[in-house]
Amino acid sequence: MSDQTATTRAEMPKAANPILERRTVENGNRNLLKHLKPGLSVLDVGCGSGAITRGIAELVGAEGRVLGIDPSGNLIAQARQHSEALPQLDFQQADIYGFETTEQFDIVTCARVLQWLAKPEEALARMAKLVKPGGFLAVLDYNHEKVEWTPEPPEAMKKFYGAFLKWREEAGFDNAIADHLKDQFLKLGFEKITVEPQFEISVKSEPTFATASRIWSEVAELRGPQLVKDGYVSEEDRLAAIEAYDQWIATTGESMRLYLLAVEAKK
Ligand SMILES: C[S@@+](CC[C@H](N)C(=O)[O-])C[C@H]1O[C@@H](n2cnc3c(N)ncnc32)[C@H](O)[C@@H]1O
């Protein structure tokens with residue numbers, strides 16, 4: 001499929017902003033915490049609405065420098081609105097494939113973005129160039145083929161999820177990108193590469209279970225209409241998936257685990 005198909009399918013639906021806003025650096029990119037110190041400079045690629053980026057800016061403090069880039073004008077506008085109290089934090093509307101700067105950063109991070117790119121290796125190579133010698137490239141992403149539900153989710157949601165993975169794959173996105181990052185770092189010449197599981201597990205006994213596990217109903221609500229338009233699922237099946245999965249959450253659902261790996265290396 002064309003680059004345009006990938007770009008169109010990667011666009012965040014506007015209504016997805018609340019999902020991004022639930023994230024913090026502590027719950028959404030915690031492998032960075034060990035590095036973040038006052039005075040550091042950080043580039044956050046595909047920063048979305050800047051929820052994680054704001055946390056990064058607080059940790060590097062007023063003497064640090066943080067730049068978040070994202071191609072979505074809507075998300076960058078939202079990110080700017082929430083960052084006025086942090087002069088060390090800037091946002092720029094930019095796509096990693098076209099982002100030009102002479103600046104290099106102590107840390108370049110990129111969370112949950114390469115999963116939406118048809119050319120993740122090109123994007124990673126560009127990010128690597130933006131890291132200062134001695135700095136870190138820190139990437140976090142999913143393997144969507146390894147999501148786990150206990151017990152199995154309803155057939156209607158399994159059908160929708162299968163269509164979602166196919167829709168992504170046919171746009172050129174790598175559903176298993178997390179498990180391919182280490183090789184991609186090696187190809188770029190990085191040597192000591194650290195790979196840490198950063199699974200997101202929600203269990204029924206926790207008050208966040210309904211919100212966190214509902215991410216798949218949200219995907220069906222927000223991305224689902226694109227899948228219907230592109231002919232991957234019928235509207236009837238999309239609505240049935242939401243209804244059955246919400247019922248699973250309210251009754252038999254015990255846990256849901258998203259598989260993410262944090263992969264990082266020093267330049
Ligand atoms: C799932 S969101 C992740 C946002 C945030 N990093 C987080 O972890 O919550 C993916 C983001 O990647 C952005 N994105 C898509 N294509 C991109 C590209 N070519 N360059 C940079 N960002 C891109 C989207 O606009 C979206 O904000």
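Residues numbered from 1 in each chain as written. Predicted model: local features only at pLDDT ≥ 70, side-chain atom pairs only at ≥ 80, totals over all residues. Heavy atoms only, no water.

Under the annotation held in an unreviewed UniProt entry, the protein chain carries the name Methyltransferase domain-containing protein and is attributed to Larkinella terrae.

Annotation from UniProt places "domain: Methyltransferase" (unreviewed entry) at residues 37-146. In this annotation, residues 37-146 is assigned 26% helix and 32% strand; the end-to-end C-alpha distance for the span is 33 Å. (UniProt positions renumbered as here; feature names shortened; annotations may be inferred. Helix = DSSP H or I, 4+ residues; strand = E, 2+ residues; numbered from the N terminus.)

The subject of this paragraph is the packing of helix α10 (residues 215-222) against helix α12 (residues 235-250). Contact pair α10 / α12: the axes reach a minimum separation of 9 Å and the direction vectors enclose 160°. Comparing the axis directions of α10 and α12 gives the class roughly antiparallel. Two packed elements cross with a definite hand, and for α10 against α12 that hand is left-handed. Taken together, the residues of α12 that come into contact with α10 (itself represented by W216, S217, A220 and E221) are R238, I242, Y245 and D246. Partitioned by chemical class, the residues of the contact of α10 with α12 number 4 nonpolar, 1 polar and 3 charged. (Axes fitted to C-alpha atoms, helices over the stretch in contact; angles between N-to-C directions. Parallel < 35°, antiparallel > 145°, perpendicular 65-115°, else oblique. Left-handed = near helix turned anticlockwise from the far one by under 90°. Contact = heavy atoms within 4.5 Å. Nonpolar A, V, L, I, M, F, W, Y, C, P; charged D, E, K, R; others polar.)

Time to look at the site of the ligand. Close to the ligand lie 16 residues; R23, G46, D70, A111 and R112 are nearest. Within the complex, 94% of the 600 Å² of free accessible area of the ligand lies under protein. For the ligand, the cavity whose grid points lie within 2 Å of the majority of its atoms is the largest pocket. Among the residues forming the shell around the ligand, the class breakdown is 9 nonpolar, 3 polar and 4 charged. (Near = heavy atom within 4 Å. Areas by Shrake-Rupley, 256 points an atom, 1.4 Å probe, with all protein chains shown as cover. 1 Å grid on protein atoms, 1.4 Å probe; cavity = no way out; pocket = protein on both sides within 12 Å on 5 of 7 lines; lining within 4 Å. Sits in = over half its atoms within 2 Å of the grid points.)

The next point concerns the layout of surface pockets. Its boundaries defined by the atoms lining it, the largest pocket holds a volume of some 1,100 Å³. The wall of the largest pocket is formed by 48 residues, among which A10, M12, R112, W116 and R223 lie closest to the centre. Every element with two or more residues in the lining of the largest pocket is listed here: α1 (3-10), α2 (17-21), β1 (41-45), α4 (51-60), β2 (65-70), α5 (73-81) and α10. The element best represented in the lining of the largest pocket is α10, accounting for 5 residues. Its residues placed into classes, the lining of the largest pocket shows 29 nonpolar, 9 polar and 10 charged. As a volume, the second largest pocket reaches approximately 390 Å³. Every residue lining the second largest pocket is counted, 15 residues in all, and those nearest its centre are R22, N27, E200, A212 and L258. For the lining of the second largest pocket, the elements supplying multiple residues, two or more each, are β8 (200-203), α9 (209-213) and β9 (255-258). For the lining of the second largest pocket, the leading source of residues is β8, giving 3 residues. (Points joined across faces, edges and corners; volume = space filled by probe spheres on them.)

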